[in-house]
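# An overview of the molecular structure
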Amino acid sequence: MAAKADQQGSLRWGVVGTGWISSMVVPDLVSCPNVSVELIYSRDITKAQAFASGVSGARATNDYEQLLADPVVDIVYIATPISTHYELALQALSAGKHVLIEKPMAQTASEVEELFRTAGEKNLFLMEGMWTKFNPAFIRMTQEIASGTIGEPRSCRGMFGIPLPEENRSRWDVRLSGSTLLDQGIYPVTLGHVIFGPPDSVHAVGTVRPDGLDLAEHFTLEYSDGRFAQCATSMKEFADLSGAVNGTKGWIELPGPFWSTTSLRIHAGSWQNIIHDPTQVDLPREGNGYIPMLRAVSDAVRAGLVEHPVHSARDTIMVFRTLDQIQQAIGACR
Ligand SMILES: NC(=O)c1ccc[n+]([C@@H]2O[C@H](COP(=O)([O-])OP(=O)(O)OC[C@H]3O[C@@H](n4cnc5c(N)ncnc54)[C@H](OP(=O)(O)O)[C@@H]3O)[C@@H](O)[C@H]2O)c1
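These numbers come from a predicted model, not from an experiment.

## Some remarks on the domain arrangement of the protein
Taken domain by domain, the protein consists of domain 1 (11-129) and domain 2 (133-289 + 319-330). Measuring from the centre of the C-alpha atoms in domain 1 to the corresponding centre in domain 2 gives 27 Å. Between domain 1 and domain 2, the contact holds 13 residues from the first and 13 residues from the second. Elements with a minimum of two residues in the side of domain 1 that touches domain 2: α1 (20-30), α4 (82-94) and α5 (109-121).

## Focus on the nonpolar core
Judged by nonpolar contacts, the single largest core of 92 residues is most densely connected at V99 and L115. At nine residues, helix α7 (residues 180-196) tops the list of elements feeding residues into this core. When we break this core down by domain, the ones giving at least three residues each are domain 1 (11-129) and domain 2 (133-289 + 319-330).

## Observations concerning helix α10 (residues 313-330)
Over its 18 residues, α10 extends 26 Å from the first C-alpha to the last, a length consistent with the 26 Å expected when each residue adds 1.5 Å. By the burial criterion, the buried members of α10 are A313, D315, T316, V319, F320, T322, L323, Q325, I326 and Q327. At the C-terminal side of α10, G331 shows a positive phi close to 80°.

## Here's the deal with the pairing of strand β10 (residues 228-234)
Buried residues dominate β10, accounting for five of its seven residues. Here seven bridges tie strand β7 (residues 153-161) to β10, and the two strands are oriented parallel to one another. Looking at the pairing, G158 lines up with C231 of β10. Sheet topology note: the strand β9 (residues 214-222)/β10 ladder contains seven bridges and is antiparallel.

## Overview of the site of the ligand
Neighbouring the ligand are 22 residues, the closest being G17, T18, G19, S42 and S170. Looking at the shell around the ligand, the elements that each hand over two or more residues are α1 and α4. When we break the shell around the ligand down by domain, the ones giving at least three residues each are domain 1 (11-129) and domain 2 (133-289 + 319-330).

## Some thoughts on the environment of D324
Within the secondary structure layout, D324 lies in helix α10. The class of D324 is partly exposed, set by 18 C-beta atoms lying within 10 Å. Separated by 177 residues in sequence, D324 and S147 have C-alpha atoms that sit 33 Å apart. The residues contacting D324, other than those within four sequence positions of it, are T108 and A109.

## Here's the deal with the sheet that holds strand β2 (residues 35-41)
Sheet architecture is open: six strands sit in the order β3-β2-β1-β4-β5-β6, paired in parallel fashion. Edge positions in the sheet fall to β3 (59-61) and β6 (126-129), since each has one partner strand and no second. In this sheet, neighbouring strand axes are inclined to one another by 25° on average, regardless of whether the strands run parallel or antiparallel. Direction of pairing for β2 relative to β3: parallel, over a ladder of three bridges. Each residue of the ladder has a partner; that of I40, found in β3, is A60.

## Here's the deal with the environment of L67
For L67, the location among the structural elements is in helix α3 (residues 64-69). Setting aside anything within four residues of it in sequence, one finds L67 in contact with G14, L39, Y41, T61 and V73.

## Some thoughts on the environment of K103
Among the structural elements, K103 can be located in the loop between β5 (98-102) and α5. Linking K103 and D183, residues 80 residues apart in sequence, is a C-alpha distance of 7.4 Å. With sequence-adjacent residues up to four places away left out, K103 is seen in contact with E128, G129, M130 and I186.

## Looking at the packing of α7 against α10
Following both chains from N to C, one finds α7 and α10 inclined at 120°, their axes separated by 10 Å at the closest point. Relative to α10, α7 is oriented oblique. Here the hand of the crossing between α7 and α10 comes out right-handed. Of the residues in α10, those touching α7 at L181, L182, I186, V189, T190 and H193 are D315, M318, V319, T322, L323, I326 and Q327. The residue inventory of the contact of α7 with α10, partitioned by class, reads eight nonpolar, four polar and one charged.

## Details of the packing of α4 against α5
Contact geometry of α4 with α5 gives a least axis separation of 10 Å together with a crossing angle of 10°. The orientation of α4 relative to α5 falls into the category roughly parallel. Between α4 and α5, the contacting residues are Y86, A89, L90 and L93 on the first element and E111, L115, T118 and A119 on the second. Per-class residue counts for the contact of α4 with α5 are six nonpolar, one polar and one charged.

Cut-offs used in this document
Residues numbered from 1 in each chain as written. Predicted model: local features only at pLDDT ≥ 70, side-chain atom pairs only at ≥ 80, totals over all residues. Domains from an automatic or database assignment. Contact = placed C-beta atoms within 7 Å. Helix = DSSP H or I, 4+ residues; strand = E, 2+ residues; numbered from the N terminus. Core = buried A, V, L, I, M, F, W, Y, C linked by C-beta atoms within 7 Å. Buried ≥ 20, exposed ≤ 12 C-beta atoms within 10 Å, placed from the backbone. Expected span 1.5 Å × (residues − 1). Pairing = 2+ DSSP bridges. Near = placed C-beta within 6 Å. Axes fitted to C-alpha atoms, helices over the stretch in contact; angles between N-to-C directions. Parallel < 35°, antiparallel > 145°, perpendicular 65-115°, else oblique. Left-handed = near helix turned anticlockwise from the far one by under 90°. Nonpolar A, V, L, I, M, F, W, Y, C, P; charged D, E, K, R; others polar.

Next comes the structure, spelled out in structure tokens:
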């Protein structure tokens, strides 16, 4: 049975990968209560040492097995290219570590199912780092919908198109992180699932490179009674970064980037409010925006949970089944 925390109740993290996302998440991690970052892993020891030198008390290693064997590490945060997630997570779970994996958790639903099966067998916590679902503005949106502010939700929209720089090599390599759907499109798919659940059918059209890397796609998640989630994602052109949820009594705008928005514009109530004067709700970001998720994960592990109710195993698997369907429809390679 894995440790829930040390005797002082502090949860001890190991970090895998020293790229941009680690440089955003680790400062948020160390600002969480009862959390310590103990060990930084990079394939390159000088990078691990340079990263660790900026984190109070952290050691460095370029030996993944050493990280996994370290009794002082309770939980591993995996922040490497997408195609490496499954193997690195499987090894960490097999070594008895709890795991938080950057989004997307893996490449296919079957990989995700296998990871949750392993975590369940070993009674270990496992979650995908879907920070959007822990974001205060996103939570407020779900609360407004649940309380009937916009009536019955009928459709939603999520877009994430940004031309990615050529020097961001792993994004352009189909063997590593390449796939605009997995890297960016997972956010609009998650929005559709949060509002309506898994779709009854999926309609998708995309641009796929000859090697199978999907560069851009638009897709609709379709539900009974005409409800739908309309989504677009691209790594070669802009598709505005906003989102919206539309209902029978009004709508909520999620200003871009919708997956980490810090405000909502609620078009509901009088016609004046609906058309001209929506209610603006501002919910500022904590740190770099990852603190609410990291706090929730740390609390869940300390409480002995094996999955988080806000982003459960079932939620994650269902999103990946939709991603599988989209990839299949557009002919992307996985
Ligand atoms: N939640 C968010 O806001 C957010 C934002 C951006 C990205 N992400 C996600 O974070 C993950 C990493 O994205 P990224 O842009 O940071 O990727 P990246 O820069 O290509 O890689 C991150 C780190 O992984 C390590 N790495 C690179 N290639 C590797 C390989 N073949 N095997 C093992 N490790 C390797 C490298 O660290 P070392 O050289 O130190 O080994 C690299 O710095 C992706 O899943 C991405 O979707 C999330």
